Amino acid sequence: MPGPPEHRLRSSKPVTIHGCAQSGDLVGLQKKLHENPSLLNARNAVMAQTPLHVAAGYNKVAIVKFLLDWKGPEEIELEAKNMYGETPLHMAAKNGCNEAAKLLLDRGALLEAKANNGMTPLHLAVWHSLRVEDCSTVKTLLKYNADCNAVDKEGMTPLSHLSQGPNSEKLRVLLNWHLEEQRRRKAIEACSETKAKMAELEEALSNIVGLHDLKLQLRKWAKGMLLDERRRALGLKVSARRPPHMAFLGNPGTGKTMVARILGRLLHMVGILPTDKVTEVQRTDLVGEFVGHTGPKTRRKIKEAEGGILFVDEAYRLIPMQKSDDKDYGLEALEEIMSVMDSGKVVVIFAGYSEPMKRVISSNEGFCRRVTKFFYFNDFNSKELAEITHLKMNNQPEDNMLYGFKLHPSCSIDAIAKLIEEVTTDKQRKEMNGGLVDPMLLNARDNLDHRLDFDCIDTDDLTTITKEDLDAGLRLILQ
């Protein structure tokens, strides 16, 4: 006998793919997907949930597995969000669907995905556990290292939601134990990363000859900044360091640009700067020839340097020799640079000869307030120049003309130092400093080519620069 009309109406209502997911009707769901693959990530009318949301929220493990394994024109949206911003993992967590949660996590579901209210799956799993006194989903999320310190939009962690009661106490013990474990792991990871970064800095510093005071200061900075980084990694709130604007004082060729590049890498490494780029500028890059040209020209260079270091070489040239020189626009360029030094967008290094740089320091009352570190780059002596020669020969990139060449064993550091001492004067060394090394080596290679015969087939002879070649290369520079 047929049932009442209302019963017949209910039973004749078509079952949707979401209904199959909710009831666990795998055959029905498979049929619907094969007929219309676009239903894979279809949203239902009320909650805007996908079939994966529904299956995960009802712990229909076979359906979840089938959907995750589906091979078709569309891919399953593992991080699809419903109207509350919840992912399928949120749905599994809030309903204590432990097996579904495991499947999702094994496929890479985001542990720290946040719903519209800022809650993570762990927040919701804790809520569910408080209601039903079942901690299994919480344990699963913690096993996958869910963050016990995650904060929702009300500033509450999963622990903050615990109240009084036996199950709350059980959850509190569980969460606190994992919290300490996470802190311990973070401390070990942070320590390991800090040591690796410090080793990277030490390797860079090993390529700097001399400048012992500067290297000591760089190590102090690096240690302090890396320790700050570790403090933050452990969840400690510490104040940010001020951008370290600097002045490099010394003659050309003393390594100022090289140190600036190492600093760029260091400041980027510890998160003070978003990039490690160093933008080198001189007066001609900043100062215009007519009224109104300098400001825009300088601002363009500052914009180019944002996120890194603006290295102003021969900065003293921005200040006119005579105060009465009202046609000089260098001061305008300096003021433009000074105006952005408190923004945190760029670190500025002013470089130049020690004496003329005094004009820059005294030209602007805010200079010494903003430029807090002054480094003096001393001239290189003969032995240091010889050490630089060895460093350059041992670290040649493939695109360098000296790549593949080596120094003869007789070209020891002491031997090269003695040669430089004999051939050059104090004045010449002070004027050139490290700038003497590259031309000396390139001239030495030319001399090697000049003295070799085409009959030479000995590979050592073809690629070995001798003391004779260095002597000739050095004398050619001084001519």
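Source: prediction; values computed, not measured.

Draft legend 1. Layout of the overall build of the chain. A count of helical and extended segments in the chain gives 23 helices and seven strands. Computed over its C-alpha atoms, the radius of gyration of the chain comes to 34 Å, more than 25% above the 23 Å expected for a compact globule of 479 residues. C-alpha atoms of the chain, sized along the principal axes, occupy 120 × 70 × 50 Å. Sequence-distant contacts in the chain: of pairs separated by 6 or more residues, those separated by 24 or more amount to 73%. When the accessible surface of the chain is split by element, carbon and sulfur atoms take 52% of a total near 25600 Å². Here the chain carries 66 positive and 66 negative side-chain charges, and the mean point of each set is 8 Å from the other.

Draft legend 2. Local environment of the pattern of salt bridges. In this structure the tally under the stated criterion is 22 salt bridges. One salt bridge in this structure joins Glu99 and Lys102, with 3.7 Å as the shortest N-O distance. Of this pair, Glu99 and Lys102 are both found in helix α7 (residues 98-106), three residues apart, which corresponds to roughly one turn of the helix. The class of Glu99 is partly exposed, set by a relative accessible area of 40%. Residue classification places Lys102 among the partly exposed residues on the basis of a relative accessible area of 32%. A salt bridge links Arg429 to Asp426, with the shortest nitrogen-to-oxygen separation between them at 2.3 Å. One end of the pair, Arg429, and the other, Asp426, are both in helix α20 (residues 426-432), three residues apart, so they sit about a helical turn from each other.

Draft legend 3. Quick peek at the nonpolar core. If you look at the biggest cluster of nonpolar residues, it comprises 45 residues, and the most contacted ones within it are Leu29, Val64, Leu104, Leu122, Val138, Leu141 and Leu175. Discounting chain neighbours no more than four positions away, the residues touching Leu104 are Leu52, Ala56, Val64, Leu68, Leu78, Pro88, Leu89, Ala92 and Ala109.

Draft legend 4. Main features of the confidence of the model for the chain. When the pLDDT values of the chain are averaged, the result is 86; 94% of them are 70 or greater. Every residue in residues 1-12 is under pLDDT 50, and counting partners more than four places away or in other chains gives two contacts.

Draft legend 5. Representation of α7. Buried within α7 we find Asn98, Ala100, Ala101, Leu103, Leu104 and Leu105. Positive phi appears at Gly108, one or two residues downstream of α7, with a value of about 95°.

Draft legend 6. Quick look at the sheet that holds strand β2 (residues 278-281). The sheet built from five strands is open, its strands ordered β2-β3-β4-β1-β5 with parallel pairing. In this open sheet, the two edge strands, each paired with only one partner strand, are β2 and β5 (373-377). Across this sheet, the average inter-strand angle for adjacent strands is 20°, counted without regard to direction. Pairing geometry for strand β1 (residues 246-250) and strand β4 (residues 347-352), over four bridges, is parallel. Across the sheet, Ala247 pairs through a bridge with Phe350, a residue of β4.

Draft legend 7. Representation of the packing of helix α8 (residues 121-132) against helix α9 (residues 136-143) within the structure. Here α8 crosses α9 at 155°, and the two axes come no closer than 8 Å. By the angle class used here, α8 and α9 are roughly antiparallel. Crossing handedness for the pair α8 and α9: left-handed. In this structure, α8 contributes Pro121, Leu122, Ala125, Val126 and Ser129 to the contact, and α9 contributes Thr137, Val138, Leu141 and Leu142. Here the residues of the contact of α8 with α9 sort into seven nonpolar, two polar and no charged.

Draft legend 8. A look at the pairing of β4. With six of six residues buried, β4 lies mostly within the body of the structure. Burial along β4 is two-sided: Val347, Ile349 and Ala351 and Val348, Phe350 and Gly352, pointing in opposite directions, are all buried. Pairing analysis gives four bridges linking strand β3 (residues 309-312) to β4, with the strands arranged parallel. The residue bridging Leu310 from the neighbouring strand is Val348, located in β4.

Draft legend 9. The side chain of Glu86, seen in detail. Considering the arrangement of structural elements, one finds Glu86 in the loop between α5 (61-69) and α6 (88-94). Aside from chain neighbours lying at most four places away, what touches Glu86 is His53, Ala80, Lys81, Met91, Lys94, Ala115 and Leu124.

Analysis parameters
- Residues numbered from 1 in each chain as written.
- Predicted model: local features only at pLDDT ≥ 70, side-chain atom pairs only at ≥ 80, totals over all residues.
- Heavy atoms only, no water.
- Helix = DSSP H or I, 4+ residues; strand = E, 2+ residues; numbered from the N terminus.
- Rg over C-alpha atoms; globule rule 2.2 N^0.38 Å.
- Contact = heavy atoms within 4.5 Å.
- Areas by Shrake-Rupley, 256 points an atom, 1.4 Å probe, with all protein chains shown as cover.
- Lys, Arg positive; Asp, Glu negative; His and termini not counted.
- Charge placed at Lys NZ, Arg CZ, Asp CG, Glu CD.
- Salt bridge = Lys/Arg side-chain N within 4 Å of Asp/Glu carboxyl O.
- Buried < 20%, exposed > 50% of the residue type's maximum accessible area, 1.4 Å probe, protein only.
- Core = buried A, V, L, I, M, F, W, Y, C linked by side-chain atoms within 4.5 Å.
- pLDDT = per-residue confidence, 0-100.
- Pairing = 2+ DSSP bridges.
- Axes fitted to C-alpha atoms, helices over the stretch in contact; angles between N-to-C directions.
- Parallel < 35°, antiparallel > 145°, perpendicular 65-115°, else oblique.
- Left-handed = near helix turned anticlockwise from the far one by under 90°.
- Nonpolar A, V, L, I, M, F, W, Y, C, P; charged D, E, K, R; others polar.

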